[in-house]
Amino acid sequence: MPHTTLPTRLCRLARMGWRFLIGFSILAFRYTRLSPAQQTAVTTRWCRQLLATLALEVRVSGQLPATQPGNTLLVSNHVSWLDIIALAAYTPPRFVAKREIRGWPVIGWMVARGGTLFIDRTNRRDASRVNQVMAESLRRGDCLCVFPEGTTTTGHHLLPFKSSLFESALLAGSMVQPVTLRYLDERGEVTTAPSYAGDTTFWQSLASLLKLRKVVVEVHYGQPLTAGQEPLMTRFELSEAARHDIAGHLKQWLDTPDTQARTAGDPQVEAP
């Protein structure tokens, strides 16, 4: 498949830098003074513009919630750093991220300023603290998002879910919305170019992405689950129900003849 030219890549990179500069300025001088509705509008517009800058098209399907769904926990499979931008382009949540991200230059400050909650994954006790903070946020009517795999994958398989943060949804009596993400190239084939898995660095992921003439991000919103209602009475049951929804949709994608041919023999492909 033909790649983009070097000037095209440099142009996209420059435009991406400009978008981040605009985002930084908004967060530094305006964001905290905006109403929640205004913050949502600014976030969705900025994310959509950034995706367009990188030649990413978002295709949304399923039971799309309101732009500002109250007391809702989004749970998604995790493939790329772009997942956050794709989700925020339509349903801007507060994300829950590992504590290390807070220390990243510029990006760490930006995501913290945008309301991200941080968890120390090396300390099991920290999950209890974060659950309380999340539950309080959910009760106030916020929308939160977690990636319960705890890490990224190539997008061809789904790891077991860590159930600890589902406790917040039970404490707040929240709606839990499973979300499935997949990335396709211009031919409609699954691509690992945006993947941020394993030893892949951000710059390697970005370089692979800039080479593609077009990328499609498919975002599928699954069946909403009500925490605390039968049979979803424990965080383990809630976690498994959300994973089953996401795994089922990934399986639908993987079961297509073209995908079966491409992933045959791939040891990372899991049969959900």
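Right, let's walk through the structure included here. (Residues numbered from 1 in each chain as written. Predicted model: local features only at pLDDT ≥ 70, side-chain atom pairs only at ≥ 80, totals over all residues. Heavy atoms only, no water.)

**Focus on the overall build of the protein**
Here comes step 1: A tally of helices and strands in the protein yields nine helices and eight strands.
Here comes step 2: In terms of overall dimensions, the protein is globule-like: its C-alpha atoms have a radius of gyration of 18 Å, near the 19 Å expected for 272 residues.
Here comes step 3: Expressed along its principal axes, the backbone C-alpha trace of the protein runs to roughly 50 × 50 × 35 Å.
Here comes step 4: Burial statistics for the protein: of 272 residues in total, 47% are counted as buried.
Here comes step 5: Within the protein, contacts between residues separated by at least 24 positions form 77% of all contacts whose residues are at least 6 apart in sequence. (Helix = DSSP H or I, 4+ residues; strand = E, 2+ residues; numbered from the N terminus. Rg over C-alpha atoms; globule rule 2.2 N^0.38 Å. Buried < 20%, exposed > 50% of the residue type's maximum accessible area, 1.4 Å probe, protein only. Contact = heavy atoms within 4.5 Å.)

**Brief notes about helix 2 (residues 36–53)**
Helical periodicity: at 3.6 residues per turn, an α-helix aligns residues three or four positions apart in one direction.
Here comes step 1: The terminal C-alpha atoms of helix 2, which comprises 18 residues, lie 26 Å apart, in line with the 26 Å expected from a rise of 1.5 Å per residue.
Here comes step 2: Within the span of helix 2, buried status applies to Gln39, Thr40, Val42, Thr43, Thr44, Trp46, Cys47, Leu50, Leu51 and Thr53.
Here comes step 3: Packing partners of the buried residues in helix 2 comprise helix 1 (6–29), strand 1 (56–62) and helix 3 (82–88).
Here comes step 4: Phi turns positive one or two residues past the end of helix 2, at Ala55, with a value near 60°. (Expected span 1.5 Å × (residues − 1).)

**As for the packing of aromatic side chains**
Working definition: an aromatic ring pair is given by the centre-to-centre distance plus the angle between the planes.
Here comes step 1: With the rule as written, the count across this model stands at five aromatic pairs.
Here comes step 2: Geometrically, the ring pair formed by Phe95 and Phe147 is stacked, given 6.2 Å between the ring centres and 10° between the ring planes. In this pair, Phe95 sits in strand 3 (residues 94–98) while Phe147 sits in the loop between strand 5 (143–146) and helix 6 (167–172), placing the two residues 52 residues apart along the sequence.
Here comes step 3: Aromatic ring contacts, followed pair by pair, group Trp81, Phe202 and Trp203 into a single cluster.
Here comes step 4: It is Arg48 that lies over the ring of Tyr90; its NZ or CZ is 4.2 Å from the centre. (Phe/Tyr/Trp six-rings, centres within 6.5 Å; stacked < 30°, edge-to-face > 60°. Lys NZ or Arg CZ within 6 Å of the ring centre and 35° of its normal.)

**Quick look at the layout of surface pockets**
Here comes step 1: For the second largest pocket, the calculated volume is near 260 Å³.
Here comes step 2: Ile119, Arg121, Ala127, Lys162 and Ser164 are the residues nearest the centre of the second largest pocket, which is lined by 13 residues in total.
Here comes step 3: Split into classes, the residues belonging to the lining of the second largest pocket amount to six nonpolar, three polar and four charged. (1 Å grid on protein atoms, 1.4 Å probe; cavity = no way out; pocket = protein on both sides within 12 Å on 5 of 7 lines; lining within 4 Å. Points joined across faces, edges and corners; volume = space filled by probe spheres on them. Nonpolar A, V, L, I, M, F, W, Y, C, P; charged D, E, K, R; others polar.)

**Let's talk about the environment of Ile84**
Here comes step 1: For Ile84, the location among the structural elements is in helix 3.
Here comes step 2: As for Ile84 and Phe147, which are separated by 63 residues in sequence, their C-alpha atoms are 9.9 Å apart.
Here comes step 3: Once residues within four sequence positions are removed from consideration, Ile84 is found in contact with Phe95 and Phe147.

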